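# Structural overview for review
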Amino acid sequence: MVLVAILALPLFGGAAIAAGRGRRSSAWVAVATNGATLVLGILTAVRVVKDGPISGAWGVLRADALSVFMVIVIGAISLLASWLGIRTMARERELEHGSPVRPSHYGMLVQAFVGFMLLAVLAANVGVLWVAVEATTIVTVFLVGHRRTRGSLEAAWKYIVICSVGIALAFLGTVFVYLAALHAGGHSAHALDWTSLMAHAHRFNPSLMRLAFALIVLGYGTKVGLAPMHSWLPDAHSQAPAPVSALMSGVLLTVAFYAILRFKAVTDLALGPGFARTLLVIVALLSLALAASLLITQRDYKRMLAYHSIEHMGLIALGAAAGIRLAIAAVLLHILGHGLAKSVLFLTSGEIMAAEGTSQIDGVQALLTRRPALGGVFGVGLVALLGLPPFSLFTSELVMVRAEFEVGLGWAAVLAMVAMVVIFIAVVGHARHMLLGPPPPSHVASPPHLAAPPRWVATPLIGGLAACGFIGVFAWPLSGLLEAAARVVAS
Amino acid sequence: MNGSSYSSALTLAAGAVLVCAVAILWLASIRSVIKMVATQGIALGLVAVVLGVHLRDAGLLAAAAVVIAVKGVAIPLLLGRASGGDSGSRESRPLVNVPASLVASAALIVLAFVTGRSVARFVGTTAGALVPIGLATLLIGFFVLVARRRPTFQIVGLLMVDNGIALTAFLCTAGFPFLIELGVSFDVLLGVVVLMVLSQRLRIEFGDIDLDELRELHD
């Protein structure tokens, strides 16, 4: 029942926007429903940690600790994104001279997007998971192309073509898993359920599982944005409206990674940990190297954030490669911390872009003196994202490295740290240019009403960072859930 | 249906899927390519029909009906309407010309048979022996995707990839449970609609172009 309610909430928000023709009040309803998703997710988490997994909707939905953890991440970030989305919708309305069509389309698509992500993590069955992940691609295409500029249309085209191919490969992988499950004696109606896969995995044909998992990493890895399947990501994330970038970068990537984590658990039971580990280490190190090399020369701050996502997905993949419980718990904490920090940064970058009229790093200077609120949030967000204390990314990165050394992946952890140092230097260089320095003379006369965002806009941005800092300092509210979630996919 | 007529009907239908894939490489006019991809969708549906009759599986027959309706009729109709206004409705300058494409497709088919052999042996049924045909269709679809530059051709390439995977799924496992099959078909249909709307917007914004002329975004 509660699972159906979680899925119904974003639909309700979308319906409110449709009924209210994208007016501000209806957009606030959507914010409230996303907040309710977060609250419901937390309540369900408490219940699941205490009493074990629950299922609903005739066994189509199932929530164990890992699923509810992802529900919390989705709830938190969709709350932030829909909050700032009100701003985006208001700007759309201005651009369209008060026409409600595009703001309400935008709002409804965002709510559908959130709904499909929730379905993906609550699906009991790998087939439904696939359908939901594919649906997230379809609903986000028009969000990426929403501005209808040449750049955004090009990004949308690349996005749907590359991700459709990727997700098709994931489907082929799923077919092979299903084949292995049927041959291991699974009953066709339930053979694709996670519980059934985990129960029978030790009897799956090893060579078939190798093929299947490789296809799944390739396929879902495309949606995660892991190199070398990443090429759509910087374009899509830089062209989409800021709240959409926040959702895509903050949660959609990790929802796809959730699929890999689940399949990895099945594969490990069938093959032992070696195969999945090798594969994940390769894509992780490739992603880190690629992010490092492209961040150095980056000239666009939204693209900078996009490449930074590729780096973090690489770190998460490396943590998952280590695979022990400690590592998985850290991976999940990293998913939450990265989601919060990255979505705040994308949302802030949207405000900066609206105020400054450019997404070029060169075009923005001395933000801290000219727009202290925006500049401050942007700076603190970058500090969080670069993995400095007190934010939770520091904790999770530290624990991941420790776990990697524990399982003999120390060499990979060292390589990752080298990439991180390069990225640190590159990003600090870009940030220094944007935040500090003397204000250029042309900007001296910038209208004062643009200087500070209103308080209702600043609240979610600061709140998101505060949450990221809070869970970095006090991990205790989460530790039970993280442990339970790690136990789901790590033996 | 007795054993030998089952196996020949299945081989014929699956073979038709692959023949359509090769024919698409050979054709240049968008209209005939759309007809060919419709034929491919129907052949795919017939594979499911033959399997469904043989296994007496009503779910599979229902899935076959969905496949024929979506891939054989609905998507080609939509594609035909969308490309109606496409003034240059030919692939005039493919990245790889037709003779070279056909040679490449032969190589891809060999590759599919080499890699698909182990899966085919594992499945161990008459249907399973045809798995390499599905993989070959998938690979040729990929090839169309990278070697053709008109938006409609890329959509067709994606459909071929999808048909190849669906064929593999039918042959390996006699298809997924029906509800999932329905969800998958619905996703594919929606995906094609989105692609077509997007390709029309591209045409409005950029004029009649090849996709590799999109050069707005780069590092």
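Residues numbered from 1 in each chain as written. Chains lettered and ligands numbered in written order. Predicted model: local features only at pLDDT ≥ 70, side-chain atom pairs only at ≥ 80, totals over all residues. Heavy atoms only, no water.

### A look at the overall build of chain B
This is how the line gets drawn: By the criteria applied, helices consist of DSSP H or I runs no shorter than four residues and strands consist of E runs no shorter than two, each listed in order from the N terminus. As a reference, a globule follows 2.2 Å times the number of residues to the power 0.38, and the radius of gyration itself is taken over C-alpha atoms. To sort residues, take the accessible area from a 1.4 Å probe on protein chains only and compare it with the maximum for the residue type: under 20% means buried, over 50% means exposed, and anything in between is partly exposed. Two residues qualify as a contact provided that any one of their heavy atoms is within 4.5 Å of a heavy atom in the partner residue. Using a 1.4 Å probe, accessible areas were evaluated by the Shrake-Rupley method; residue-level cover was limited to the displayed protein chains. We treat Lys and Arg as the positive residues and Asp and Glu as the negative residues; His and chain ends play no part in the count. Here the site of a charge means NZ on Lys, CZ on Arg, CG on Asp, or CD on Glu.
Secondary structure summary: chain B contains seven helices and zero strands in total. Each helix and strand of chain B, ordered N terminal to C terminal, gives the series α-α-α-α-α-α-α. Its C-alpha atoms give chain B a radius of gyration of 18 Å, within 12% of the compact-globule value 17 Å for 219 residues. C-alpha extents for chain B along the principal axes are approximately 55 × 35 × 35 Å. The proportion of buried residues among the 219 residues of chain B is 54%. The contacts in chain B between residues at least 6 apart in sequence include a share of 78% that link residues at least 24 apart. Accessible surface for chain B amounts to roughly 8900 Å². Of this, 67% is attributable to carbon and sulfur atoms. The positive charge centre, built from 15 side chains, and the negative charge centre, built from 13, are 9 Å apart in chain B.

### Comments concerning the interface of chain A and chain B
Put simply, the rule reads: Buried area counts how much accessible surface, traced with a 1.4 Å probe, disappears from two parts once they are put together, with both parts' losses summed. Identification of polar contacts relies on pairs of N or O atoms within 3.5 Å, with a donor-acceptor requirement for protein atoms, meaning one able to donate a hydrogen and the other able to accept it, and with residues adjacent in sequence counted only if both atoms are side-chain atoms. Nonpolar residues are Ala, Val, Leu, Ile, Met, Phe, Trp, Tyr, Cys and Pro. Charged residues are Asp, Glu, Lys and Arg, and all others, Gly as well, are polar.
Contacts between the two partners involve 45 residues from chain A, matched on the other side by 42 residues from chain B. Between chain A and chain B, a total of about 4000 Å² is buried, with carbon and sulfur atoms accounting for 78% of that surface. At the boundary of chain A with chain B, the tally comes to one residue pair in polar contact (both at pLDDT 80 or more). The set of elements that each furnish at least two residues to the side of chain A that touches chain B consists of helix 5 (126–144), helix 6 (150–183), helix 8 (206–224), helix 9 (233–239) and helix 12 (301–322) of chain A. The element that contributes the greatest number of residues to the side of chain A that touches chain B is helix 6 of chain A, accounting for 23 residues. In terms of residue class, the side of chain A that touches chain B is made up of 28 nonpolar, 10 polar and seven charged.

### Things to note about helix 3 (residues 65–95) of chain A
Residues and elements named next belong to chain A. The condition is simple: One fewer than the residue count of a helix, multiplied by 1.5 Å, yields its expected span. What the bend at a residue measures is the angle between two axes, fitted to the seven residues ending there and to the seven starting there.
Under the 1.5 Å per step criterion, the end-to-end length of helix 3 is 44 Å for 31 residues, consistent within 8% with the ideal 45 Å. Taking the largest bend as the criterion, helix 3 deviates by roughly 30°, centred on Gly-85. Across the 31 residues that make up helix 3, a large majority, 25, are buried.

### Describing the nonpolar core
We apply this condition: Here, the term nonpolar core denotes a set of buried Ala, Val, Leu, Ile, Met, Phe, Trp, Tyr and Cys residues that are joined through side-chain atoms within 4.5 Å.
The biggest cluster of nonpolar side chains holds 269 residues, and the ones touching the most others in it are Leu-129, Phe-176, Phe-204 and Tyr-220 of chain A. Counting residues per element, this core draws most heavily on helix 6 of chain A, which supplies 22 residues. Non-local contacts of Phe-176 of chain A, meaning those with residues more than four positions away in its chain, are made with Leu-208, Leu-211, Ala-212 and Leu-215 of chain A together with Val-119, Thr-168 and Cys-172 of chain B.

### A short note on the confidence of the model for chain A
Any region with low pLDDT has predicted coordinates that should not be read closely. For clarity, the cut-off: For every residue, the predictor assigns a confidence score, pLDDT, that lies between 0 and 100.
With 97% of its residues at a pLDDT of at least 70, chain A reaches an overall mean of 90. Mean pLDDT across the elements of chain A ranges from a minimum in helix 14 (residues 367–370) of chain A, with 86, to a maximum in helix 10 (residues 242–271) of chain A, with 95.

### Description of helix 18 (residues 455–473) of chain A
All names here are of chain A. Over its 19 residues, helix 18 extends 26 Å from the first C-alpha to the last, a length consistent with the 27 Å expected when each residue adds 1.5 Å. Here helix 18 has its buried residues at Val-457, Ala-458, Pro-460, Leu-461, Gly-464, Leu-465, Cys-468, Gly-469, Ile-471 and Gly-472. Buried residues along helix 18 sit against helix 3, helix 13 (325–356), helix 15 (372–385), helix 16 (392–406) and helix 19 (476–489).

### Regarding the packing of aromatic side chains
Stated formally: Note on aromatic pairs: the rings of Phe, Tyr and Trp (six-membered ring only in Trp) are paired at centre separations within 6.5 Å, and the planes decide the class, stacked below 30 degrees, edge-to-face beyond 60, tilted for the rest.
Going through the model one piece at a time under the given rule, you end up with 10 aromatic pairs over all chains. Aromatic side chains Phe-171 of chain A and Phe-176 of chain B sit 5.3 Å apart centroid to centroid with 45° between the ring planes, which places their arrangement in the tilted category. Of this pair, Phe-171 of chain A sits in helix 6 while Phe-176 of chain B is found in the loop between helix 6 (151–173) and helix 7 (178–206), placing the two residues in two different chains. Classification of Phe-171 of chain A as buried rests on a relative accessible area of 8%.

### Digging into the environment of Val-114 of chain A
Residues and elements named next belong to chain A. Looking at where Val-114 falls in the secondary structure, it is placed in helix 4 (residues 101–122). Residue class for Val-114 comes out buried when judged on its relative accessible area of 1%. Residues Val-114 and Leu-280, spaced 166 residues apart in sequence, show a C-alpha to C-alpha distance of 27 Å. Residues contacting Val-114, with those up to four places away along its chain left out, are Pro-10, Asn-34, Ile-74, Ser-78 and Leu-247.

### As for the environment of Ala-201 of chain A
Residue and element names in this part refer to chain A. Among the secondary structure elements, Ala-201 is positioned in the loop between helix 7 (194–200) and helix 8. Since its relative accessible area comes to 0%, Ala-201 is described here as buried. Sequence-wise, Ala-201 and Leu-271 are 70 residues apart; in three dimensions their C-alpha atoms are separated by 9.0 Å. Each residue touching Ala-201, except ones within four places of it in the same chain, is listed here: Val-266, Leu-269 and Ala-270.

### Describing unusual backbone geometry
Most peptide bonds take the trans form, and the phi angle of most residues other than glycine is negative. All names here are of chain A. Each neighbour pair has its own omega, and for Ala-227 with Pro-228 the value is 0°, a cis peptide bond. Even without being a glycine, Arg-148 presents a positive backbone phi close to 55°. Mapping Arg-148 onto the fold places it in the loop between helix 5 and helix 6. Accessibility expressed as a relative area gives 39% for Arg-148, which makes it partly exposed.

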